[in-house]
Amino acid sequence: KQKRLRDAAVMAAEAEKVRVVKAAEASADAAQLQGEGIARQRRAIIDGLRESITHGSSEQLSTEKISELLLITQYFETLRDIAANSKAQTVFLPHSAGAVSDVASQIRNGIMQAGAGQRM
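Presented here is an overview of the structure given in this document. All chains use their own residue numbering, which begins from 1 and follows the written sequence. Owing to the predicted nature of the model, reporting of local features is limited to residues with pLDDT of at least 70; listing and counting of side-chain atom pairs is limited to 80 or more, with chain, interface and lining totals taken over all residues. Think of the side-chain values as coming from all heavy atoms in the structure, minus any hydrogens and water.

**Overview of the overall build of the chain**
Next up, step 1: Secondary structure summary: the chain contains three helices and zero strands in total.
Next up, step 2: Secondary structure elements follow DSSP: runs of H or I no shorter than four residues count as helices, runs of E no shorter than two count as strands, and numbering proceeds from the N terminus. The helix and strand sequence of the chain, counted from the amino end, reads α-α-α.
Next up, step 3: Put simply, the radius of gyration uses C-alpha atoms, and a globule should come to 2.2 Å times the residue count raised to 0.38. A compact globule built from 120 residues should have a C-alpha radius of gyration of about 14 Å, whereas the chain, at 24 Å, is more than 25% larger.
Next up, step 4: Across its three principal axes, the chain shows a C-alpha extent of roughly 80 × 40 × 40 Å.
Next up, step 5: Residues classed as buried in the chain amount to 13% of the 120 residues present.
Next up, step 6: Counting only carbon and sulfur atoms, one obtains 58% of the accessible surface of the chain, whose full area is about 9900 Å².
Next up, step 7: Positive residues here are Lys and Arg, negative ones are Asp and Glu, while His and the chain termini are left out of the count. Here the site of a charge means atom NZ of a Lys, CZ of an Arg, CG of an Asp or CD of a Glu. For the chain, the distance from the average site of its 16 positive side-chain charges to the average site of its 14 negative ones is 12 Å. Three labels apply to residues, based on accessible area from a 1.4 Å probe with only protein chains included: buried if under 20% of the type maximum, exposed if over 50%, partly exposed otherwise in between. Only the protein chains shown count as cover for residues, with accessible areas throughout obtained via the Shrake-Rupley method and a probe of 1.4 Å.

**Details of the nonpolar core**
Taken as a class, soluble globular proteins show a tendency for nonpolar side chains to be buried jointly.
Next up, step 1: Working definition of a nonpolar core: buried Ala, Val, Leu, Ile, Met, Phe, Trp, Tyr and Cys residues. They are joined through side-chain atoms within 4.5 Å. One finds Ile 46, Leu 61, Ile 66, Leu 69 and Leu 70 forming the largest nonpolar core, which totals five residues.
Next up, step 2: Among the elements that take part in this core, helix H2 (residues 63-85) stands out by supplying three residues, more than any other.
Next up, step 3: The contact criterion used throughout is that any non-hydrogen atoms of two residues lie within 4.5 Å. Apart from the residues lying within four places of it in its own chain, the contact partners of Leu 70 are Arg 42 and Ile 46.

**A closer look at H2**
Residues separated by three or four positions in an α-helix point in the same direction, a consequence of the helix having 3.6 residues per turn.
Next up, step 1: Spanning 23 residues, H2 covers 32 Å between terminal C-alpha atoms, matching the ideal 33 Å at 1.5 Å per step.
Next up, step 2: Considered for burial, the residues of H2 that qualify are Ile 66, Glu 68, Leu 69, Leu 70, Leu 71, Thr 73, Tyr 75 and Glu 77. Given the number of residues in a helix, its expected span is that number minus one, multiplied by 1.5 Å.

**Let's talk about helix H1 (residues 2-54)**
Next up, step 1: A rise of 1.5 Å per residue sets the reference length of H1, with its 53 residues, at 78 Å; its end C-alpha atoms lie 77 Å apart and thus fit the reference within 8%.
Next up, step 2: Positive backbone phi, approximately 80°, marks Gly 56, located one or two places after H1.

**Concerning the pattern of salt bridges**
A pair can form between side chains of opposite charge whenever their charged atoms are brought close.
Next up, step 1: Salt bridges, as used here, are contacts in which a Lys or Arg side-chain nitrogen is within 4 Å of a carboxyl oxygen on Asp or Glu. Within this structure, the stated rule accounts for four salt bridges.
Next up, step 2: With a shortest N-O distance of 3.3 Å, Lys 3 and Asp 7 are connected by a salt bridge. You can see Lys 3 and its partner Asp 7 sitting in helix H1, four residues apart, about one turn around the helix.
Next up, step 3: Take Lys 3: its relative accessible area is 52%, and that puts it in the exposed class.
Next up, step 4: Asp 7 sits in the partly exposed class, given a relative accessible area of 34%.
Next up, step 5: With a shortest N-O distance of 3.5 Å, Lys 22 and Glu 25 are connected by a salt bridge. Residue Lys 22 and its partner Glu 25 are located together in helix H1, separated by three residues, close to a single helical turn.
Next up, step 6: A relative accessible area of 51% means that Lys 22 is categorised as exposed.
Next up, step 7: Using a relative accessible area of 38% as the deciding quantity, one classes Glu 25 as partly exposed.

**A closer look at the packing of H1 against H2**
Next up, step 1: Only the contacting stretch of a helix is used when fitting its axis, a line to C-alpha atoms as for every element, and angles between N-to-C directions run 0 to 180 degrees. Across the interface, H1 lies against H2 with an axial gap of 10 Å and an inter-helix angle of 120°. Here H1 is positioned oblique relative to H2, judged by the angle of their axes. Seen along the crossing, H1 lies across H2 with a hand that is right-handed. Note on element contacts: H2 touches H1 through Ile 66, Leu 69, Leu 70, Thr 73, Gln 74 and Glu 77, opposite Arg 42, Ile 45, Ile 46, Leu 49, Arg 50 and Ile 53.
Next up, step 2: Residue polarity follows a fixed list, in which Ala, Val, Leu, Ile, Met, Phe, Trp, Tyr, Cys and Pro are nonpolar, Asp, Glu, Lys and Arg are charged, and the others, Gly among them, are polar. Taken together, the residues that form the contact of H1 with H2 break down as seven nonpolar, two polar and three charged. Roughly parallel covers angles under 35 degrees, roughly antiparallel covers those over 145, roughly perpendicular covers 65 to 115, and oblique covers all other angles. Note on convention: near helix rotated counterclockwise from far helix by under a right angle means a left-handed crossing. Clockwise means right-handed.

Quick look at the structure:
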């Protein structure tokens, strides 16, 4: 009788292990698909912005300008998300004409500093 109980406990533990592993795999797959969806969305936003800016002209946007457009878009998305989901009653934001450019340069500098720190 003890052997059957022990075998049943082992089988139950293995079944639980399979459930946990499958749940983790499903979560990872969902996160990957979400990331791919966000990447496609941003690509479409960039393509749309590029098309609307260069429409009817032979002007080409540089990688830096495209990156800045993406940062600006993400900046406004962040503001929207803060307004929609935050329980904060006060949020301090820069409000000058060059605020978005300042934020973009701060983000760019932070990314470069983080990259330099990882290379050391």
